Amino acid sequence: MSDANARDFASLKGLSTEDVGYRRSQGQGNNVSLQNSRSYLQIFQENLFTFINAVFIVISVVLFALQRPGDALLVVIVIFGGIIINIYQEIWAKHKLDQIALLSRPKATVRRNGIEQDIDPTEIVLGDILVLRPGDQILVDGHIVGQGHVEVDESLLTGESDLIFKADGAPVFSGSFCASGMACYEAHKVGKETVAYQLMAGARAFRQALTPLQREINVVIRVFMLIACFLWILIAISFLSRSYSFNDVVQRAAVVAGLVPAGLLLAITLAYGLGAVRMLGQDVLIQQANAVESLSHVDVLCLDKTGTLTTNQLTLDEIYPLALGVEQVRSLLGDVAANATAGNRTTEAIAQVCFGQQRRVLAEMPFSSARKWSAIALADATLPGVYVLGAPEVLAETMQMPLDVMHQVEEFAAQGLRVVLFAYSPNIHALKGTDLTLPADLSAIALLCFGDRLRAEAYETLQGFAQAEIEVKIISGDNPQTVRTLAQQVGLDHNVSVISGQELATLDEAQFARAAQTGRIFGRITPQQKAQLILSLRNAGRYVAMIGDGVNDILALKQANLAIAMESGSKATRGVADIVLLKDSFAALPHAFLEGQRIRSGIQDIMKLFMVRVFCITLLIFATAIVTDSFPLENKQSAIVTLVGVGLPTIFIPVWAKPVATSARSMVRSMLHFVIPATLSLTLISLLVYLLFLVSVVLDLPPQLNLSQVDYSTPRSALVTILILGELCLILFLKPPTRAWVGGEPFSGDWRYTLMALVLLGVYILIIAVPPLRDFFELTRLSRNSYLFIGLVAVEWCLILRFIWRSRFLDKFLGVDLT
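These numbers come from a predicted model, not from an experiment.

S.K.: Mind laying out the overall build of the chain, listing which residues take part and the relevant values?
M.R.: Per the secondary structure count, the chain includes 32 helices and 21 strands. In the chain, the proportion of contacts linking residues at least 24 apart, taken out of those at least 6 apart, comes to 72%.

Here it is in structure tokens:
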């Protein structure tokens, strides 16, 4: 910090402890907070008061009134048991979100009693003097005081990305952040009076933003709801037009209600919860609920070099003098570093090896990633004048640079060094506080070469991205050759093309979009170009994750589908991120991406089983009504089919799922190859079994009874058996333990699914064998020959279904590729 600025800051004593206490007692504190998660009341309301729950409640009440407490109890246990688990999961998630909010909450730096203090934002009071440094969020509204000046990004409030210069008396608004410079501001509005609170209270309150997967699932569930509503209307009409008892109508309404896959949302919640826990164990902090889902979609990862591939611990490795002696250059560099108001990694590295004195600073322009240079005017230095540190390519646009110097820059850059040009202008008044142009009479003093240590895990991490089939693009503000050299050191292709920001600036929109798609390494990029590259990738249909750590990355982070920040990054960067890598755990990212793909894979498997069950039961309802004028299942029988065939498996499938690369197709279309053949063939086989046993019962019917008095318990029990066997066989087709089961899905070799199916088959056999359980589910014990026959039918169905899949009969029939 310059001597003048140091004196200026010291003169800003700030409030005393007594002043703070008095103002807080007068209600002038910043004691408001924006909601980060749902309240407990919202959680209970959104889980309890849904349309489908209301339907089940009505059905339960009616079943109790009809003196069928077993059926009513089953509905209550199945549905409200899931609700209780869901509420527990969401309360647990709320606690985690609240903890995360505390972890990521920015601190405020204030001057009180003449010294700087770090406090919680809620402790700010009206009239406090707050300190702004690069990357700090502006937490309350106020005005700049003193001699400092900053450049502020107000894009979160205005949507405009241009930096705004702020000096003494200029207003600053909460919700913006400091991009460069250093200054103090006095709090004039706090709490609910601030601009950010008024603009963002509604926007930042928790809202259930649906992820792409959730949107597709919602469509599926709504389709099932429409089917259920249609069937309910038909049941009501049949009750009015035929002699069905009220008890029959309620039973059928309950079966139809079971078509709505309420357990599907529970399974998804469990999958997300499990993923969040696993990623926390990898030091990956989830700040947005949809971050887990986003991870499963990412196909391109953009990252900055500094602080991501490297540790951002710069060292000044070499001074290459161009005009003065090395020692004189060191002395001047030391003065520049000692008097810089807003230090950065470059000036810190200089200060470690070059020692200077406090000088009289006439003007200063802090470093900006957009300008690529910083400048300071020293009045009483050894050589009074303006000193500039900046990118050689940028400074060369305003000064004469010999070709041999530029060749030397390229040589240093090819070694992976960051090259900074140190330049000088004798015109002490050439730099003005609001003038963003370089002095016209600059001359080069020296080239500075900085080294930055690669992260030890960088190579292994990039290989992990390749394993996850995620394309990596490096977008940096450094020299393109420097970036390329470091990229090659961590395993990127040596033949990969390099594109500079200057080249991008000459391209039209179409050419820029092509460059964004084909380029792998981008150097000397401005923050605006970073954001434009991300936006171009998204417009091309790519799902983009961006990793950043500095304020120059914020524009790009806001454009990305998934924003990832390093814990050591600026406060503002962490504030806009969906995910924060604790301990800067860059190596954890490949695990996190694979975890996202694993979650999506598990949910897709669950969806396939649910869709087959729902469509199969629906088709059976229509088929039996048309062919036999009967209803295929009672409420409890439908429940056991759901529980054994789908409900229990969904507990384990998300846990055992393995990562699978995300398909470019929608989730629903990608499942049709499995779902349609399984649904149609299982429906047909089940209907034939049902009809066969129904005919057998009718033939055995005593002469004195008519067809309306047929006992449907035997055909329905046979139908339950074939449906359960079919659903359990689908689990084996879903994850084939051997190549003999390969048909609708690729070979897995995971025997856990097979063992689960065998255990569930044992559960069903136990229910059949134990009379109280069998009676509760209203099942009839069939003969051994009948069970053997149904088992052989199931085997035959498996062979037919495998043939349909392997021959791609449905694809050929429809003339489309469903795989």
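From this point, the narrative continues.
S.K.: Please give an account of the confidence of the model for the chain that cites residues and values.
M.R.: Residues at a pLDDT of 70 or more form 85% of the chain, whose mean pLDDT is 82. Residue range residues 200-209 is modelled with pLDDT below 50. Its contacts to residues more than four positions away, or to other chains, number 18 contacts.

S.K.: Outline the packing of helix 17 (residues 458-467) against helix 24 (residues 589-627), supporting the account with residue identities and numerical values.
M.R.: In contact at an axis separation of 8 Å, helix 17 and helix 24 are set at 15° when each is read in the N-to-C sense. Between helix 17 and helix 24, the angle is such that the two are roughly parallel. The interaxial crossing formed by helix 17 with helix 24 has left-handed handedness. When helix 17 is examined against helix 24, the residues Thr461, Gly464, Phe465 and Gln467 are found in contact with a partner set consisting of Leu589, Pro590, Phe593 and Leu594.

S.K.: Any details on the pattern of salt bridges? Residues and values, ideally.
M.R.: Where side chains of opposite charge bring their charged atoms close, a pairing between them can arise. In total, this model carries 18 salt bridges according to the counting rule given. Lys530 serves as the salt-bridge partner of Asp553, at 2.4 Å between the closest nitrogen and oxygen. A residue pair is termed long-range when its members are at least 10 positions apart, and Asp553 in the loop between strand 19 (544-548) and helix 22 (554-559) and Lys530 in helix 21 (residues 527-539) qualify at 23 residues. The residues Asp553 and Lys530 share a single accessibility class, namely buried. Glu634 is paired through a salt bridge with Arg716; the nearest N and O atoms lie 2.7 Å apart. Taken together, the residues span a long stretch of sequence, with Glu634 in the loop between helix 24 and helix 25 (635-647) and Arg716 in helix 28 (residues 713-734) at a distance of 82 residues. The network of salt bridges with common partners includes Asp299, Glu471, Lys473 and Arg542.

S.K.: Could you give an account of helix 9 (residues 246-257), with specific residues and numbers?
M.R.: Between its first and last C-alpha atoms helix 9 spans 16 Å; for twelve residues at 1.5 Å apiece the expected length is 16 Å, and the two agree. Within helix 9, nine of the twelve residues are buried, which leaves it mostly tucked inside the rest of the structure. Those residues of helix 9 not exposed but buried are Val249, Val250, Gln251, Arg252, Ala253, Ala254, Val255, Val256 and Ala257.

S.K.: Which residues make up the sheet that holds strand 8 (residues 284-286), and what are the values?
M.R.: Pairing in this open sheet of eight strands is mixed, and the strands run 8-21-20-19-9-16-18-17 from one edge to the other. The open sheet has two edge strands with one neighbour each: strand 8 and strand 17 (498-500). On average, each strand axis in the sheet is inclined to that of its neighbour by 20°, with strand direction left out of account. Note: strand 20 (residues 562-566) against strand 21 (residues 579-581), three bridges, orientation parallel. By the bridge assignment for strand 21, Ala565 is matched with Val580.

S.K.: I'd like a description of the packing of aromatic side chains, backed by residues and values.
M.R.: As enumerated under the stated definition, the model contains twelve aromatic pairs in all. Ring geometry for Phe224 and Phe615: centres 5.3 Å apart, planes at 75°, overall edge-to-face. Of the two residues, Phe224 sits in helix 8 (residues 212-241) while Phe615 sits in helix 24, which places them 391 residues apart along the sequence. By relative accessible area, which is 1% here, Phe224 ends up buried. Linked through ring pairs, Phe674, Phe733, Trp741 and Trp805 together constitute an aromatic cluster.

S.K.: For the pairing of strand 7 (residues 177-189), give the residues involved together with the corresponding values.
M.R.: Across the 13 residues of strand 7, ten count as buried, placing the element largely inside the fold. The pairing of strand 3 (residues 129-132) with strand 7 spans four bridges and is antiparallel. Bridging across to strand 7, Val131 finds its partner in Cys184. Inspection of the sheet shows strand 4 (residues 141-153) paired to strand 7 by ten bridges, in the antiparallel sense. Bridging across to strand 7, Gly142 finds its partner in Ala187.

S.K.: Tell me about the sheet that holds strand 15 (residues 443-454), and please be specific about residues and values.
M.R.: Read from one edge of the open sheet, six strands run 10-15-14-13-12-11, paired in antiparallel fashion. Two strands in the sheet have a free side with no partner beyond their single neighbour: strand 10 (310-321) and strand 11 (361-368). Adjacent strand axes in the sheet meet at a mean angle of 20°, parallel and antiparallel pairs treated alike. Sheet topology places strand 11 next to strand 12 (residues 373-378); five bridges connect them, and they run antiparallel. The residue bridging Ala363 from the neighbouring strand is Ala377, located in strand 12.

S.K.: Which residues make up the side chain of Asp549, and what values go with them?
M.R.: Tracing the chain through its elements places Asp549 in the loop between strand 19 and helix 22. The charged side chain of Asp549 is buried without a salt bridge, its nearest counter-charge being Arg345 at 6.4 Å. Discounting chain neighbours no more than four positions away, the residues touching Asp549 are Asp304, Thr306, Gly307, Asn312, Met566, Gly569, Ser570 and Thr573.

S.K.: Got a sec to walk through the environment of Ser374? Specific residues and values, please.
M.R.: Relative to the elements of secondary structure, Ser374 occurs in strand 12. Taking C-alpha positions, Ser374 is 8.4 Å from Tyr387, a pair spaced 13 residues apart along the chain. Each residue touching Ser374, except ones within four places of it in the same chain, is listed here: Met365, Pro366, Phe367, Tyr387, Val388 and Leu389.

S.K.: I'd like to hear about unusual backbone geometry, residue by residue, with values.
M.R.: Trans is the common state for peptide bonds, and a negative phi is the common state for residues other than glycine. Even without being a glycine, Arg524 presents a positive backbone phi close to 55°. Inspection of the secondary structure assignment puts Arg524 in the loop between strand 18 (521-523) and helix 21. One non-glycine residue, Arg808, lies in the positive phi region at around 55°.

S.K.: Outline the environment of Lys530, supporting the account with residue identities and numerical values.
M.R.: Overall, Lys530 belongs to the buried group, its relative accessible area being 1%. Sequence separation between Lys530 and Leu557 is 27 residues, and the spatial gap between their C-alpha atoms is 9.1 Å. In contact with Lys530, not counting residues within four places along its chain, are Asp304, Ile475, Ile525, Asn552, Asp553 and Ala556.

S.K.: Account for a nonpolar patch on the surface, naming residues and giving values.
M.R.: Residues Phe230, Ile233, Leu234, Ile237, Phe622, Ile626 and Val627 make up a contiguous nonpolar surface patch of about 660 Å² in total accessible area. Listed by contribution, the elements that provide at least two residues to the nonpolar patch are helix 8 and helix 24. Looking at the nonpolar patch element by element, the count peaks at four residues for helix 8. You can see Ile237 is positioned in helix 8. A residue is classified by how much of its surface remains accessible, and Ile237, at 46% relative accessible area, is partly exposed.

S.K.: I'd like a description of the pairing of strand 12, backed by residues and values.
M.R.: Among the six residues in strand 12, six count as buried, and that is most of the element. Between the antiparallel neighbours strand 11 and strand 12 lie four residues, among them Lys372 with a positive phi of about 70°. Bridging between strand 12 and strand 13 (residues 385-390) involves six bridges; their strand directions are antiparallel. Among the inter-strand pairings, Ile376 is bridged to a residue of strand 13, identified as Tyr387. Between the antiparallel neighbours strand 12 and strand 13 lie six residues.

Parameters at a glance
Residues numbered from 1 in each chain as written. Predicted model: local features only at pLDDT ≥ 70, side-chain atom pairs only at ≥ 80, totals over all residues. Heavy atoms only, no water. Helix = DSSP H or I, 4+ residues; strand = E, 2+ residues; numbered from the N terminus. Contact = heavy atoms within 4.5 Å. pLDDT = per-residue confidence, 0-100. Axes fitted to C-alpha atoms, helices over the stretch in contact; angles between N-to-C directions. Parallel < 35°, antiparallel > 145°, perpendicular 65-115°, else oblique. Left-handed = near helix turned anticlockwise from the far one by under 90°. Salt bridge = Lys/Arg side-chain N within 4 Å of Asp/Glu carboxyl O. Buried < 20%, exposed > 50% of the residue type's maximum accessible area, 1.4 Å probe, protein only. Expected span 1.5 Å × (residues − 1). Pairing = 2+ DSSP bridges. Phe/Tyr/Trp six-rings, centres within 6.5 Å; stacked < 30°, edge-to-face > 60°. Lys, Arg positive; Asp, Glu negative; His and termini not counted. Patch = residues over 30% accessible without salt bridge, like charges linked within 9 Å, V, L, I, M, F, W, Y side chains within 5 Å. Areas by Shrake-Rupley, 256 points an atom, 1.4 Å probe, with all protein chains shown as cover.

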